[in-house]
Amino acid sequence: MERFDAVVIGAGAAGMFCAAMAGQAGRRVLLVDNGKKPGRKILMSGGGRCNFTNLYVEPAAYLSQNRHFCKSALARYTQWDFIDLVNKHGIAWHEKTLGQLFCDDSAQQIVDMLVAECEKGGVTTRLRSEVLEVSHDENGYNLVLNGDTVRADNLVIASGGLSMPGLGATPFGYKIAEQFGLKVLPTRAGLVPFTLHKPLLEQLQTLSGVSVASTITAEDGTVFRENLLFTHRGLSGPAVLQISSYWRPGEYVTVNLVPDCDLESFLDEQRAAHPNQSLKNTLAMQLPKRLIECLQLLGQIPDVTLKQLNTREQNALVDTLTQWRVQPNGTEGYRTAEVTLGGVDTDELSSRTMEARNVPGLYFIGEVMDVTGWLGGYNFQWAWASAWACAQALSEK
Ligand code: FDA
């Protein structure tokens, strides 16, 4: 039976990076994945250019039942460390917006980099491999893989969350956690578009494809200022994906569709300067034409000139545009979600090593645990940082 210092399950972002770092520290590592190629989510990420980290990574950008858990790992392996690695591999990158770093060419470069780092660490990789059984005794972990059995001193679970089952996502990590008596917090889709109730969807159907600047606020007061996109199913765009992680079924979100303008002062100024200008043309200076047409059809924008617009109408209009309260019907779910919220309870793990407190040699890294970042490279940075913390611990053993 083959024996390894560590078996890492999941050749995604966290698993590949952990295997590479532990291998380079002299550990004998086996990396196992159920897919036919490694890093499938990386390849899909950032529209094929992989938003691999963010310049402004900070613990406040992560959701977790224990908001302090991520601090140690993020401080010990930072965005600058990963940028150094990317630079060392000669991968050209750029900042797109809000500190988000993307490859100039292709996400394949990040996968190639991780494969090269694994090769440098002498990592053995087994793709298209199902883990059929895991057991533990005084000699370590025994894994049955497609009929073959391997033994390891340490087992690292890097099998990710439930989002995008088409890319190999499985509940494997949660099952292993439960098998070893670790608590798993309820999971739900995050960074995911909202669906809308049919009547509202029908009212907004002409807006599909329209994108507007917005601020969007959840009931717990969390606010994001990014673009909102109307779709044929509901609402999407970065503002909606971000707020979806803070939204619970039945709750409302509040949208300001003119976040860069004090609408009341703007209308007063325009009225003083151009009293005969139509309200519609005035609003077109701030909002897309299709949105104005839709709101007109819905009777939210009266067909009047500015001097005809009375105070009551103006107040109602300002409310509609700056405090649009929407109650989503739900989300598009794991099928299109970028991440899974919840997962292995961090109270069960050491924040320094990612090892289960009560199960020596069992580690959880990346998205499988209850740490979820904002949109914008934060989730990959968590994958790198948690993987690095685990690899350090393996190399110190
Ligand atoms: P990840 O999901 O990457 O890897 C898990 C691996 O385990 C997979 O290869 C899977 O096949 C394997 N596996 C699962 N079950 C198994 C089993 N039973 N046996 C063997 N193998 C098993 N984040 C970001 O920071 N910037 C971005 O640009 C994007 N973009 C993006 C786009 C899309 C479309 C999605 C779906 C997600 C993103 N994300 C993102 C999120 C990011 O991809 C995600 O947070 C990380 O990939 C998580 O890394 P992990 O290694 O934890 O899991």
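Residues numbered from 1 in each chain as written. Predicted model: local features only at pLDDT ≥ 70, side-chain atom pairs only at ≥ 80, totals over all residues. Heavy atoms only, no water.

## Re the packing of aromatic side chains
The way to describe two aromatic rings as a pair is by their centre distance and the angle between their planes. Considering all chains together, one arrives at 16 aromatic pairs under this definition. Ring geometry for F224 versus W374: centroids 5.1 Å apart, planes at 80°, classification edge-to-face. Of the two residues, F224 is situated in strand 14 (residues 223–230) and W374 in the loop between strand 21 (372–373) and helix 13 (378–396); the sequence distance between them amounts to 150 residues. We classify W374 as partly exposed; its relative accessible area is 22%. Each member of the aromatic cluster is reached from another via a ring pair, and the members are F17, F52, Y77, F82, F380, W384 and W388. We note K96 situated over the ring of F102; from NZ or CZ to the ring centre the distance is 4.8 Å. Seen from the ring of Y252, R325 lies directly overhead, with NZ or CZ sitting 4.1 Å from the centre. (Phe/Tyr/Trp six-rings, centres within 6.5 Å; stacked < 30°, edge-to-face > 60°. Helix = DSSP H or I, 4+ residues; strand = E, 2+ residues; numbered from the N terminus. Buried < 20%, exposed > 50% of the residue type's maximum accessible area, 1.4 Å probe, protein only. Lys NZ or Arg CZ within 6 Å of the ring centre and 35° of its normal.)

## As for the sheet that holds strand 3 (residues 51–54)
A sheet is described by the order of its strands in space; here three strands give the open sequence 3-6-5, paired in antiparallel fashion. Only two strands of the sheet have a single neighbouring strand rather than two, namely strand 3 and strand 5 (93–95). On average, adjacent strands in this sheet sit at an angle of 30° to one another, irrespective of strand direction. Looking at chain direction, strand 3 and strand 6 (residues 100–103) are connected through three bridges and run antiparallel. Counted as the bridge partner of T53 is L101 from strand 6. Docked against the sheet, helix 4 (residues 79–88) engages strand 3, strand 5 and strand 6, running at close to 140° with respect to strand 3. (Pairing = 2+ DSSP bridges. Axes fitted to C-alpha atoms, helices over the stretch in contact; angles between N-to-C directions. Contact = heavy atoms within 4.5 Å.)

## Brief notes about the pattern of salt bridges
Taken as a whole and judged by the stated rule, the model has 13 salt bridges. For D260, the salt bridge goes to R225, with nearest N and O atoms at 2.5 Å. Of the two residues, D260 sits in the loop between strand 16 (253–256) and helix 9 (263–273) while R225 sits in strand 14, which places them 35 residues apart along the sequence. According to the relative accessible area criterion, D260 is exposed, its value standing at 60%. One salt-bridge network, in which partners are shared between bridges, spans E2, R28, R126 and D148. (Salt bridge = Lys/Arg side-chain N within 4 Å of Asp/Glu carboxyl O.)

## Side note on the packing of helix 1 (residues 13–24) against helix 5 (residues 108–120)
Where helix 1 meets helix 5, the closest approach of the two axes is 7 Å, and the angle between their N-to-C directions is 30°. By the angle between their directions, the pair helix 1 and helix 5 is classed as roughly parallel. Judged by the twist between their axes, the crossing of helix 1 over helix 5 is left-handed. Note on element contacts: helix 5 touches helix 1 through V111, L114, V115, E117, C118 and K120, opposite M16, F17, A19, A20, M21 and Q24. The class makeup of the residues in the contact of helix 1 with helix 5 is nine nonpolar, one polar and two charged. (Parallel < 35°, antiparallel > 145°, perpendicular 65-115°, else oblique. Left-handed = near helix turned anticlockwise from the far one by under 90°. Nonpolar A, V, L, I, M, F, W, Y, C, P; charged D, E, K, R; others polar.)

## Quick word on the nonpolar core
Counting residues in each nonpolar core, the largest one holds 88 residues, and the members touching the most others are V7, I110, L143, L362, F364, W382 and W384. A total of 13 residues in this core trace back to one element, the largest contributor, which is helix 13. Dropping the residues within four chain positions of it, L362 is found in contact with Y141, L155, I157, I176, F180, M354, E355 and A356. Residues L204, L228, C261 and L267 belong to the second largest nonpolar core, which totals 43 residues. (Core = buried A, V, L, I, M, F, W, Y, C linked by side-chain atoms within 4.5 Å.)

## A few points about the domain arrangement of the protein chain
The domain architecture assigned to the protein chain consists of domain 1 (2–189 + 338–396) and domain 2 (193–331). With seven residues of domain 1 at the contact, the number on the domain 2 side is 10 residues. Interface area for domain 1 against domain 2, summed over the two sides, is near 850 Å², with a carbon-plus-sulfur share of 51%. Three residues stand out in domain 1 for area buried against domain 2, namely R188, W374 and L375, and they jointly supply 55% of the buried area on that side. Viewed at the interface, domain 2 and domain 1 are joined by zero salt bridges. (Domains from an automatic or database assignment. Buried area = accessible area lost by both parts, 1.4 Å probe.)

## Looking at the site of the ligand
Taken together, 30 residues surround the ligand, and among them D33, N34, T170, E367 and F380 come closest. Within the backbone of A14, one N or O atom sits 2.8 Å away from an oxygen atom of the ligand. Contacts to the ligand include D33, whose side-chain N or O atom sits 2.6 Å from an oxygen atom. Look at the ligand: alone it shows 1,000 Å² of surface, and the protein chains cover 95% of it. (Near = heavy atom within 4 Å. Polar contact = N/O pair within 3.5 Å; in protein donor to acceptor, adjacent residues only side chain to side chain. Areas by Shrake-Rupley, 256 points an atom, 1.4 Å probe, with all protein chains shown as cover.)

## Here we look at the layout of surface pockets
Each pocket or cavity is described by its volume, and for the second largest pocket that value is around 330 Å³. If you trace the second largest pocket, you find 16 residues lining it, with L63, R188, R248, L341 and D370 closest to the centre. Elements with a minimum of two residues in the lining of the second largest pocket: strand 11 (184–190) and strand 19 (339–344). For the lining of the second largest pocket, the element with the highest residue contribution is strand 11, accounting for four residues. Classifying every residue of the lining of the second largest pocket by side-chain character gives five nonpolar, six polar and five charged. Mapped onto the domain boundaries, the lining of the second largest pocket takes at least three residues apiece from domain 1 (2–189 + 338–396) and domain 2 (193–331). (1 Å grid on protein atoms, 1.4 Å probe; cavity = no way out; pocket = protein on both sides within 12 Å on 5 of 7 lines; lining within 4 Å. Points joined across faces, edges and corners; volume = space filled by probe spheres on them.)

## Overview of the side chain of N379
Looking at the element boundaries, N379 is found in helix 13. Polar side-chain contacts of N379 include one of 3.5 Å to the backbone oxygen of W374. What N379 contacts, discounting residues up to four positions off in sequence, is L191, V339, T372, G373 and W374.

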